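A structural walkthrough
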Amino acid sequence: MTCIAGILLMLMPAEQAFWSLVSIINKYLPGYFSPGMPAVQLDCRVIDSLVCNIDPKIGEFLKRNDMEATYYTIGWLQCAYTLTLPRKTVLRIWDMFLCEGVKVLIKAGVTLILLAFSDKKVRKTCDSLEKALEYLKYNIPQHLLEEEVFVNKLISLNISEEQFKLTHFAQLVRLER
């Protein structure tokens, strides 16, 4: 939450930033900061499921290395990528997020994973959970995170509204078990 507040404070006066933060949390991110973080945990599972459906090779790589999405996506989502992506990229994502809602944050997570592990050599090098997590946190080539590359990949993801709803519902059912 403080990450989001920090960006807002860089963009507007303190009172506006405060009320913007309240609106974002209440309208777009309910359940992200409540005990147990049920909404963010659900969205992490949605990201994981979408990655597996879009690119089964990357999905298999993640499973082989026991990389559950909650290990790395909770921080991405709760900070709305402010600590993960360059500022220009973050601001473009936020523009879309404030227009379209949390599905943009989910698509950004999918995009980040797909870009990070699209290279077969990277998947071969990251042959353990620790190496893969370290790569995600510190070693993704910066050119992949630049505004135009990242946003173009995000926009090009072919995820329909129906697919979002079905994936969301399926993961909700799994969480409730």
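Structure report, in brief. (Residues numbered from 1 in each chain as written. Predicted model: local features only at pLDDT ≥ 70, side-chain atom pairs only at ≥ 80, totals over all residues. Heavy atoms only, no water.)

Let's talk about the state of the cysteines
What is meant by a disulfide is a covalent connection between two cysteines, made through their sulfur atoms. Under the criterion given, the structure shown has 0 disulfides. Just so you know, C52 is unpaired, no disulfide at all, and the nearest cysteine sulfur is the one on C44, 14 Å from it. Here C52 falls in the buried class, since its relative accessible area comes to 18%. (Disulfide = S-S within 2.5 Å. Buried < 20%, exposed > 50% of the residue type's maximum accessible area, 1.4 Å probe, protein only.)

Side note on the nonpolar core
With 61 residues, the main nonpolar core has L62, Y81, I93, I113, F117 and F150 as its most contacted residues. The biggest single contributor to this core is helix α7 (residues 103-116), with 10 residues. When near neighbours in sequence (up to four residues on either side) are disregarded, F150 contacts L85, T89, I93, A108, T111, L112, L115, L144 and L145. (Core = buried A, V, L, I, M, F, W, Y, C linked by side-chain atoms within 4.5 Å. Helix = DSSP H or I, 4+ residues; strand = E, 2+ residues; numbered from the N terminus. Contact = heavy atoms within 4.5 Å.)

Concerning the side chain of T82
Summarising the element assignment, T82 is placed in the loop between α5 (70-78) and α6 (87-100). A polar contact of 2.9 Å, which involves the side chain of T82, links it to the backbone oxygen of C79. What T82 contacts, discounting residues up to four positions off in sequence, is C3, I7, V90 and W94. (Polar contact = N/O pair within 3.5 Å; in protein donor to acceptor, adjacent residues only side chain to side chain.)

Quick notes on α5
Residues Y72, T73, I74, W76, L77 and Q78 constitute the buried set of α5. Its buried side turned inward, α5 meets α1 (2-11), α3 (38-54), α4 (56-64), α7 and α9 (129-139). One or two positions beyond α5, positive phi appears at A80, with a value near 50 degrees.

So, the pattern of salt bridges
Per the counting criterion, the structure on display carries 4 salt bridges. Its salt-bridge partner being E147, residue R92 comes within 2.9 Å of it at the nearest N-O pair. In this pair, R92 sits in helix α6 while E147 sits in helix α11 (residues 147-156), placing the two residues 55 residues apart along the sequence. Given the relative accessible area of 22%, E147 is considered partly exposed. Between D127 and K131 there is a salt bridge; the shortest N-O distance is 3.1 Å. On the basis of relative accessibility, which here comes to 44%, the residue K131 falls in the partly exposed class. Residues joined in a network through salt bridges with shared partners are R92, E147 and E148. (Salt bridge = Lys/Arg side-chain N within 4 Å of Asp/Glu carboxyl O.)

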